[in-house]
Amino acid sequence: MGERDEQGTIGRRVQQLRVQRGMTQKQLAEPVYTPAYISTLEAGRVRPSDDALRHLADRLGVEFDELATGRPARLVTELRLRLTEAQRTLAIGEAGTAVEQYTGLLAEAETHALAEEQAAALLGLGECALETGELVEGRQYFERAEARLGDAPLTARVPALRGRAVAHYLAGELRYAVYLLESTLDELNRGGLHDPDALLLLYASVIGPYMDMGAHARAAQAAEFALALAPQSGDPALVARMHRSVARTLLAEGRLAEADASLAKAAELYRGLRLRTELANCHWMRGYVYAQNGELERAEEEMREALDMLSATRAALYSSQLTVELADVLHRRGSSGEAAVLLRDVLGGLSPERGAVHAAAAHRLLGIIAEDARRPEEAEEHYVRAMSLLERAGAAGDLADLCRLLGDLLRRTGRVEAALDAYRTGLGHRTAPGTTTLGPAPAQPQL
């Protein structure tokens, strides 16, 4: 299973087990070995072969691995079963309980020097932290998981790398998130490491940052690759996540029916897996589809259902992001007062380091509401705050739209030169979406 202990450690273990069982060295040795060999082995002066260890394990009534490593029999299997249970606990939205489970598992894996199981527990703790919006802690867990797997193939390290990228993305660091995901994709594809699950995880994860940066062409290409890889994946949760991400690119291309169908597939898979948070995200995205199609009542219903599900799981950051989009629907339905209250409440939980893009969206919408209420100074203040957040995040597409709003406001209030500056800035972000922050596209997978 793992590397064997030093010969001295094995010798002491053999002697301890032999004495516990009341056996003499002759009884342990027979019929294959001599008492002298057992004496030399127990003294740590000889390294036993695998055949010798199997003989001794059989005579002592223990498993080979337990004698070679000191780990209790079936320990690794039991730990992996408990890791699966912790994953299920997190999937149904009980992040607090999952943290307790993963923490206990990590301690046991560290006690027995099980690097792979340590990494799995750290990955779980990282996912719990993302769920509860603790982005710095989450990123640290993913970094520790990656360190535990330092000698493992890149494909084994992909979940930790992806976790780090998502933590940076949610913190508003879009460019760095894309860099992590693209560089990993490039290394996998150039190295011929065709692991469908690893590639699918990376392509599904990079769609969101691409869309927020205005790099719609790259998002569409990532979606196409993800869809092509999905039939090769044996992980239904991963395929469901991919369908949810791909829906964003279909929406951007105006393919609303296809986006809705993709979300329906994701929801069906999530129901089968009982992944409450991910199912809530499907309701969220369906609400977004309805909003884009002008079906505002249905959009509100889907988003409120998603918000109830996310609130129940204490997914604070995701709840804040969804609340901003629900406020936009309410504003469009004529409930601007309720929308403003929601936005002001949610801004307390967002910051430049935690949900910058959605904090900017909240300020943008508050600016629009202030303009509608004929409060231009308040509107300008919100637009400027939103621009600062988006510039830090590198969200080119949203910046261009915001510059247009600010320019229109400045022009209406008589500041024509300032309005022209705002328009020029917006045009600069529109000319080539994403190209000012993205390098060459990563190598393509061998599909």
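Within every chain, residues take consecutive numbers counted from 1 along the sequence as written. Where local features are concerned, this predicted model is filtered to residues with pLDDT of at least 70; where side-chain atom pairs are given and counted, the filter is 80 or more; whole-chain, interface and lining totals use all residues. Side-chain numbers here rest on the full set of heavy atoms in the structure, without hydrogens or water.

With respect to the overall build of the protein
Then, number 1: Under the DSSP-based scheme used, a helix requires at least four consecutive residues in state H or I and a strand at least two consecutive residues in state E, with every element numbered from the N terminus. Across its full length, the protein carries 23 helices and 0 strands.
Then, number 2: C-alpha atoms of the protein, sized along the principal axes, occupy 100 × 40 × 35 Å.
Then, number 3: Using a 1.4 Å probe on the protein chains alone, a residue whose accessible area is under 20% of its type maximum counts as buried, one over 50% counts as exposed, and one in between counts as partly exposed. Of all 447 residues assigned to the protein, the portion counted as buried reaches 51%.
Then, number 4: The contact criterion used is simple: two residues touch if any of their non-hydrogen atoms lie within 4.5 Å. Across the protein, every contact between residues at least 6 apart in sequence was considered, and the portion connecting residues at least 24 apart equals 62%.
Then, number 5: Looking at the protein as shown, the accessible area adds up to about 20400 Å², and 49% of this sits on carbon and sulfur atoms.
Then, number 6: By the counting scheme adopted, Arg and Lys are positive, Glu and Asp are negative, and His together with the chain ends is not counted. By convention, the point assigned to a charge is CZ for Arg, NZ for Lys, CD for Glu and CG for Asp. In the protein, the 51 positive side-chain charges and the 64 negative ones have mean positions that sit 2 Å from each other. All accessible areas in this document rest on Shrake-Rupley with a 1.4 Å probe, and a residue is counted as covered only by the protein chains that are shown.

Some remarks on the pattern of salt bridges
Then, number 1: Any carboxyl oxygen of Asp or Glu within 4 Å of a side-chain nitrogen of Lys or Arg constitutes a salt bridge here. Evaluation of the coordinates by the stated rule reveals 28 salt bridges.
Then, number 2: The closest approach of N and O atoms between E42 and R18, which form a salt bridge, is 2.7 Å. Taken together, the positions of E42 in helix α3 (residues 35–42) and R18 in helix α1 (residues 7–20) put the pair 24 residues apart, joining distant regions of the chain. In this structure, E42 and R18 share a single accessibility class: buried.

Points about the side chain of S262
Then, number 1: Structurally, S262 can be placed in helix α15 (residues 256–273).
Then, number 2: Given a relative accessible area of 5%, S262 falls into the buried group.
Then, number 3: Excluding its chain neighbours within four sequence positions, the residues that come into contact with S262 are H243, V246 and L250.

Topic: unusual backbone geometry
Then, number 1: A cis geometry characterises the amide bond from E30 onward to P31, with omega recorded as 0 degrees.
Then, number 2: Relative to the elements of secondary structure, P31 occurs in the loop between α2 (25–29) and α3.
Then, number 3: One non-glycine residue with positive phi stands out, namely A113, at about 55 degrees.
Then, number 4: Relative to the assigned elements, A113 resides in the loop between α7 (95–111) and α8 (115–132).

A word on the packing of aromatic side chains
Then, number 1: Note on aromatic pairs: the rings of Phe, Tyr and Trp (six-membered ring only in Trp) are paired at centre separations within 6.5 Å, and the planes decide the class, stacked below 30 degrees, edge-to-face beyond 60, tilted for the rest. Taken as a whole and judged by the stated rule, the model has 3 aromatic pairs.
Then, number 2: Taken together, a centroid distance of 5.1 Å and an interplanar angle of 20 degrees make the contact between Y33 and Y37 stacked.
Then, number 3: Relative accessible area serves as the criterion here: at 23%, Y33 is assigned to the partly exposed category.
Then, number 4: Residue classification places Y37 among the partly exposed positions, given a relative accessible area of 21%.
Then, number 5: Ring plane angle 55 degrees and centroid distance 5.2 Å describe the contact between Y203 and F225, whose orientation is recorded as tilted. Pair noted here: Y203 is in helix α12 (residues 196–213) and F225 is in helix α13 (residues 216–229), with a separation of 22 residues, a long-range link. In terms of burial, Y203 and F225 fall into one category: buried.
Then, number 6: Should the NZ of a Lys or the CZ of an Arg lie within 6 Å of a ring centre and within 35 degrees of the ring normal, that charge is described as sitting over the ring. In this structure, R54 is placed above the aromatic ring of F64, and the distance from its NZ or CZ to the ring centre is 4.9 Å.

As for the nonpolar core
Nonpolar side chains in soluble globular proteins generally cluster together in the buried interior.
Then, number 1: Of all hydrophobic cores here, the largest spans 128 residues; its most connected members are Y102, Y203, M242, L343 and Y383.
Then, number 2: Here the element with the most residues in this core is α12; it accounts for 12 residues.
Then, number 3: Those residues within four positions of L343 in sequence are excluded, and the remaining contacts are V324, A327, A362, L365, L366 and I369.
Then, number 4: Only buried residues count toward a nonpolar core, which is a set of Ala, Val, Leu, Ile, Met, Phe, Trp, Tyr and Cys residues joined through side-chain atoms within 4.5 Å. Within the second largest apolar cluster, 15 residues are counted, among which are V14, M23, A57 and L67.

A few points about helix α19 (residues 336–347)
Then, number 1: Look at α19: 16 Å from first C-alpha to last across 12 residues, which is about the 16 Å you get at 1.5 Å a residue.
Then, number 2: Of all the positions in α19, only A339, A340, L343, V346 and L347 are classed as buried. Projected onto a plane normal to the axis of α19, the buried residues spread over an arc of 135 degrees and lie on a single side.
Then, number 3: Buried positions along α19 lie against α18 (316–332) and α20 (356–372). Given a helix with a known number of residues, its expected span is that number minus one, times 1.5 Å. Our arc is simply the arc of the directions from the helix axis toward the C-beta atoms.

As for the packing of α19 against α20
Then, number 1: In this analysis, axes come from line fits to C-alpha atoms, helices being fitted only over the stretch in contact, and the angle between any two N-to-C directions falls in the range 0 to 180 degrees. With their axes 10 Å apart at the nearest point, α19 and α20 run at an angle of 145 degrees to one another. As α19 packs across α20, the resulting crossing turns out to be left-handed. The segment α19 lies against α20, with S336, A339, A340, L343, R344 and L347 engaging A359, A362, H363, L365, L366 and I369.
Then, number 2: Just so you know the grouping, Ala, Val, Leu, Ile, Met, Phe, Trp, Tyr, Cys and Pro go in nonpolar, Asp, Glu, Lys and Arg go in charged, and all remaining residues, Gly too, go in polar. Here the contact of α19 with α20 is composed, by residue class, of 9 nonpolar, 2 polar and 1 charged. The hand of a helix crossing depends on one turn: near helix anticlockwise from the far one by less than a right angle means left-handed, and clockwise means right-handed.

A short note on α7
Then, number 1: Between its terminal C-alpha atoms α7 stretches 24 Å, which fits the 24 Å expected from 17 residues at 1.5 Å a residue.
Then, number 2: Every buried residue belonging to α7 is among A95, A98, Y102, L105, L106 and A109, and all of these are buried. One face of α7 carries all of its buried residues, which in axial projection span an arc of 105 degrees. Every exposed residue of α7 that faces more than 90 degrees away from the buried side is listed here: E100 and T111.
Then, number 3: On the buried face of α7, the contacting elements are α6 (75–91), α8 and α9 (135–148).

Structural notes on the packing of α8 against helix α10 (residues 154–170)
Then, number 1: For the pair α8 and α10, interaxial distance at closest approach is 11 Å and the crossing angle is 20 degrees. Overall, the two elements α8 and α10 adopt an arrangement that is roughly parallel. Considering only the axes of α8 and α10, their crossing is left-handed. Contacts between α8 and α10 involve L123, E127 and L130 on the former and, on the latter, P159, A160, R162, G163, V166, A167 and L170.
Then, number 2: Of the residues assigned to the contact of α8 with α10, the class counts are 7 nonpolar, 1 polar and 2 charged. An angle below 35 degrees is treated as roughly parallel, one above 145 as roughly antiparallel, one from 65 to 115 as roughly perpendicular, and anything else as oblique.

Quick look at the environment of Q221
Then, number 1: Residue placement: Q221 occurs in helix α13.
Then, number 2: Linking Q221 and V324, residues 103 residues apart in sequence, is a C-alpha distance of 28 Å.

In short, the description is geometric, and any link to function would need to be established separately.
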